[in-house]
Amino acid sequence: MQTLLQNLLNGIAAGSIYALIALGYTMVYGILKLINFAHGDIFMIGSFVGYYAGNWASGKLGTTGVAATVSAAGIMILSMIVCGTLGYLNERIAYRPLRNAPRIASLITAIGVSFFLEYGGQMVFGPDPKFFPTLVPKNVINLGGVVTTNYQLIVLAVALVFMGLLQYIVYGTKFGRAMRAVSFNFETASLMGIPTDRVISTTFIIGSMLAGVAGILYGLSYPRIDPLMGILPGLKAFVAAVLGGIVNVPGAVVGGLVIGIIEAFVGGSQYSNYRDAIAFVILIVILLVRPSGLFGKYEAEKV
Amino acid sequence: MMEAQTIPKPIIPRFPSLKFILRAVAVLIVAALFFVPNYVEDTYILHMMILIFINVVMGSSWNILGGYTGQYSVGHAAYFGAGAYTTMLLLQYKQVAPWYGVWVGAAAALVVAVIIGSICFRLRGPYFVLASIAVAEIFRVATLNLKDITNGAEGVLITEIPPLVIGGRLITDWASKVPFYYIGLVFALLIIGVTWLVRNSKLGYYFQAIREDQDAAHSLGIGLTFYKNVALAISAIFTSLAGSLYAVYVGFIDPSTVLGLDVSVQIVIICIIGGIGTITGPVVGAVLLVPLSEALRSNMITDLLIKVGIVGEETRMGLFLKEHLSQAHVLIYGILVVVTILYMPAGIVGFVRRMTARKARA
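Residues numbered from 1 in each chain as written. Chains lettered and ligands numbered in written order. Predicted model: local features only at pLDDT ≥ 70, side-chain atom pairs only at ≥ 80, totals over all residues. Heavy atoms only, no water.

A. Here's a closer look at the overall build of chain A. Per the secondary structure count, chain A includes eleven helices and four strands. By the compact-globule yardstick of 19 Å for 303 residues, chain A fits well, its C-alpha radius of gyration being 19 Å. Referenced to the eigenvectors of the C-alpha coordinate spread, the extents of chain A come out at roughly 55 × 45 × 35 Å. Every one of the 303 residues in chain A was classed for burial, and the buried ones make up 55%. Intrachain contacts of chain A at a sequence separation of at least 6 include 76% that bridge at least 24 residues. Within the structure as shown, chain A displays about 12700 Å² of accessible surface, and the carbon and sulfur contribution to it stands at 66%. (Helix = DSSP H or I, 4+ residues; strand = E, 2+ residues; numbered from the N terminus. Rg over C-alpha atoms; globule rule 2.2 N^0.38 Å. Buried < 20%, exposed > 50% of the residue type's maximum accessible area, 1.4 Å probe, protein only. Contact = heavy atoms within 4.5 Å. Areas by Shrake-Rupley, 256 points an atom, 1.4 Å probe, with all protein chains shown as cover.)

Structure (structure tokens):
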């Protein structure tokens, strides 16, 4: 029972990071029907922003007390700004010129951009793994035999706040309505006077900002970061998005949590070596059994 | 898929002689290639040629599925690895000579292809791409973990290949690169021939119909899953041949070098840069990319820049390039892909065709 709860908790913590990344995929896929392969690498950049800013800040402000909390929040905002800018540039330079080209062209470009960020990262940051700084003091909390840390709780809290915020943006604001309109039907939306290009840019910015947040949270939870770290979490997060039905916010969150929890249970079992493959097995099963995902509506895909 | 329509056919009727000249040049080049080892002693050049041949085979076999049938698989590493691992493991543990093992490897790849195909071809577009990645990743992780069979992350190393003896006569003892050169050349010509045959056969017309409009093809009675699987099978067999040749030539494989995602992507990039859905595209792609990545890896380009005098050796720029450019080949691939897609969406071959067509019109 205890190990069960423990795995569940670890899974939820990891899953909420997947969920944050998955949201970026979901929004971009919903609007452009594009698997933005570079999204995982933007998440990586977010982590590295946290690494450099965190080392700088802890040298200046120390790692305890109010100053550390404030600087941690500042680092997260910085990472969001950098990732948001990067996401905007990515869309503007690499995807917008291909808006009317076959969808597969932008998919391949996405792979190119992803390469560019990964290996550009290797040149700038160096290929060796780096150790993410502890932004705030780490405490172990024992809840009746289930061990957690304040980090896991921070991850959960921050992830929840941003998911709630996104839910509000998408379903509660004028921009969100425009976004849903564009994802529903691109041409009709532009005929109705919705500035589609601006909506798409903003979508990329929001998605990339969430990836930046996820990068910081990931760095806190798994302090080994390197320029190729974005590939697997990125792919898994996309699986999470597909699992949740690709074009809705709660679906991506549930998908991320499910992947995280299943991974935690596989990781705690005798098949722990297969942990990295399980997400892909889930993907294939879900695509075959229920291609519309857990919460999606079925549409025949004509490509 | 619309991209094929963006590749204008060369204006042949106006330039009958051009086509003839091009063909003659191609035949001459191929003939010359057979004599290269007689005159070229430099093992580095032979090494490069062998790598180019292997990449031509990889690219061309992907092209049958991706270029002619329109199914963009980003999981071809699974077949490359299936061939490489089967051949290497048979050689290492069962002492099966590679010239038999290769065919077992091809059969293994065929089995893998049928399994993957029957799962993934129920999906379309981006979902198919994703599923193909997923399946290849599952293979990689499984190979990494089935240590009893595959030796896990340590990989498989072969120390010697048994000499090839036919009718009591020693053909080769594999000591030099020359036999690999000829095998690579023959494989490359074989896949180019097969591509030509496929393109001009009824089978190829079915493939291209599926590429242009699946639903229309289906409504005309073309069994989508069956013909996609046929394309995949052809593609997988030749990819596995490339994998086996690579494995035996290099003498060492591990899951990340033959089953990694970058192998799959490399295959796709060769075709994109060369030109998808053309016979010459993968050849052009391989001929360009292999020397480029080798030149970057061995710092040749930096040395050249320094020699020509563009960059001083002791300046910051020179030192920076020396230190980093050797790791940059994938970075440059990334830029190349983006630029190609943006400015030459039909690849180099498509670009050249459009240029010649434009000239002919003018």
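Still more ground to cover, so stick around.
B. Looking closely at the overall build of chain B. Tallying secondary structure elements over chain B gives 18 helices and four strands in all. Out of the 362 residues in chain B, the part that is buried amounts to 54%. As displayed, chain B has an accessible area near 16500 Å², and 68% of this comes from carbon and sulfur atoms.

C. Layout of the interface of chain A and chain B. If you look at the interface, chain A gives 42 residues, while chain B gives 43 residues. Regarding the contact of chain A and chain B, the summed buried area is about 3900 Å², with carbon and sulfur atoms giving 82% of it. The interface formed by chain A and chain B includes zero salt bridges. At the junction of chain A with chain B, the criterion picks out zero residue pairs in polar contact (both at pLDDT 80 or more). Residue assignment for the side of chain A that touches chain B shows that the elements contributing at least two residues are α3 (65-95), α4 (103-125), α9 (231-243) and α11 (275-289) of chain A. In terms of residue class, the side of chain A that touches chain B is made up of 33 nonpolar, four polar and five charged. (Buried area = accessible area lost by both parts, 1.4 Å probe. Salt bridge = Lys/Arg side-chain N within 4 Å of Asp/Glu carboxyl O. Polar contact = N/O pair within 3.5 Å; in protein donor to acceptor, adjacent residues only side chain to side chain. Nonpolar A, V, L, I, M, F, W, Y, C, P; charged D, E, K, R; others polar.)

D. Structural detail: helix α6 (residues 125-145) of chain B. Here α6 of chain B contains 21 residues, and its C-alpha end-to-end distance of 31 Å stays within 8% of the 30 Å for a straight helix at 1.5 Å per residue. In terms of burial, α6 of chain B is a largely internal element, 18 of the 21 residues being buried. (Expected span 1.5 Å × (residues − 1).)

E. Layout of the nonpolar core. Counting residues in each nonpolar core, the largest one holds 196 residues, and the members touching the most others are Leu-20, Leu-23 and Val-242 of chain A together with Tyr-181 of chain B. Apart from the residues lying within four places of it in its own chain, the contact partners of Tyr-181 of chain B are Leu-33, Val-36, Pro-37, Leu-46, Met-49, Ile-50 and Phe-53 of chain B. (Core = buried A, V, L, I, M, F, W, Y, C linked by side-chain atoms within 4.5 Å.)

F. The arrangement of the side chain of Ser-244 of chain B in detail. Residue position: Ser-244 of chain B is located in helix α11 (residues 224-250). Beyond its immediate chain neighbours, meaning those up to four positions away, Ser-244 of chain B contacts Gly-83, Ala-84, Thr-87 and Val-102 of chain B.

G. Summary view of the pairing of strand β3 (residues 146-149) of chain A. Residues and elements named next belong to chain A. Inspection of the sheet shows strand β2 (residues 140-143) paired to β3 by four bridges, in the antiparallel sense. When the bridges of β3 are listed, Asn-142 appears paired with Val-147. Where β2 hands over to β3, the hairpin turn is made up of two residues, of which Gly-144 adopts a positive phi near 55°. (Pairing = 2+ DSSP bridges.)

H. Structural context of helix α14 (residues 280-297) of chain B. Residues and elements named next belong to chain B. Along its 18 residues, α14 runs 26 Å from first to last C-alpha, staying within 8% of the 26 Å computed at 1.5 Å per residue. Listed as buried for α14 are Gly-281, Pro-282, Gly-285, Ala-286, Leu-289, Val-290, Ser-293, Glu-294, Ala-295 and Leu-296. Remark: Asn-299 follows α14 within two positions and exhibits a positive phi of approximately 65°.

I. The arrangement of the packing of helix α3 (residues 43-68) of chain B against helix α13 (residues 261-274) of chain B in detail. All names here are of chain B. Their axes nearest at 8 Å, the elements α3 and α13 cross at an angle of 80°. The pairing of α3 with α13 is recorded here as roughly perpendicular in orientation. Contacts from Asn-55, Met-58, Gly-59, Trp-62 and Asn-63 of α3 reach α13 at Val-263, Gln-266, Ile-267, Val-268, Ile-270 and Cys-271. Residue composition of the contact of α3 with α13, by class: seven nonpolar, four polar and no charged. (Axes fitted to C-alpha atoms, helices over the stretch in contact; angles between N-to-C directions. Parallel < 35°, antiparallel > 145°, perpendicular 65-115°, else oblique.)

J. Structural view of the environment of Met-80 of chain A. Residues and elements named next belong to chain A. As for its placement among the helices and strands, Met-80 is situated in helix α3. Overall, the relative accessible area of 13% leaves Met-80 in the buried class. In this structure the C-alpha to C-alpha distance between Met-80 and Val-213, which are 133 residues apart in sequence, comes to 6.3 Å. When residues no more than four places from it in sequence are discounted, the contact partners of Met-80 are Phe-162, Met-209 and Val-213.

K. Geometry of the pattern of salt bridges. Residue and element names in this part refer to chain A. Scanning all chains against the criterion turns up seven salt bridges over all chains. A salt bridge links Asp-197 to Arg-99; the nearest nitrogen and oxygen atoms lie 2.6 Å apart. Of this pair, Asp-197 sits in helix α8 (residues 196-221) while Arg-99 sits in the loop between α3 and α4, and the two are 98 residues apart along the sequence. When the shortest N-O distance is used, the salt bridge between Lys-236 and Glu-263 registers 3.1 Å. Taken as a pair, Lys-236 in helix α9 and Glu-263 in helix α10 (residues 249-267) lie far apart in primary sequence, 27 residues in all. On the basis of relative accessibility, which here comes to 1%, the residue Glu-263 falls in the buried class. Three or more residues joined by partner-sharing salt bridges are found here, namely Glu-91, Arg-96, Arg-99 and Asp-197.

L. Seen up close, a nonpolar patch on the surface. Residues Met-1, Leu-4, Leu-5 and Leu-8 of chain A make up a contiguous nonpolar surface patch of about 380 Å² in total accessible area. With respect to the secondary-structure elements, Met-1 of chain A resides in the segment before α1 (2-32). (Patch = residues over 30% accessible without salt bridge, like charges linked within 9 Å, V, L, I, M, F, W, Y side chains within 5 Å.)

M. Main features of the packing of aromatic side chains. Residue and element names in this part refer to chain B. Going through the model one piece at a time under the given rule, you end up with 21 aromatic pairs over all chains. Measuring from ring centre to ring centre gives 5.6 Å for Trp-62 and Tyr-72, while their planes differ by 80°; the resulting arrangement is edge-to-face. With a gap of ten residues between them, Trp-62 in helix α3 and Tyr-72 in the loop between α3 and α4 (77-94) connect regions that are remote in the sequence. Residue Tyr-72 is classed as buried on the basis of its relative accessible area of 5%. (Phe/Tyr/Trp six-rings, centres within 6.5 Å; stacked < 30°, edge-to-face > 60°.)

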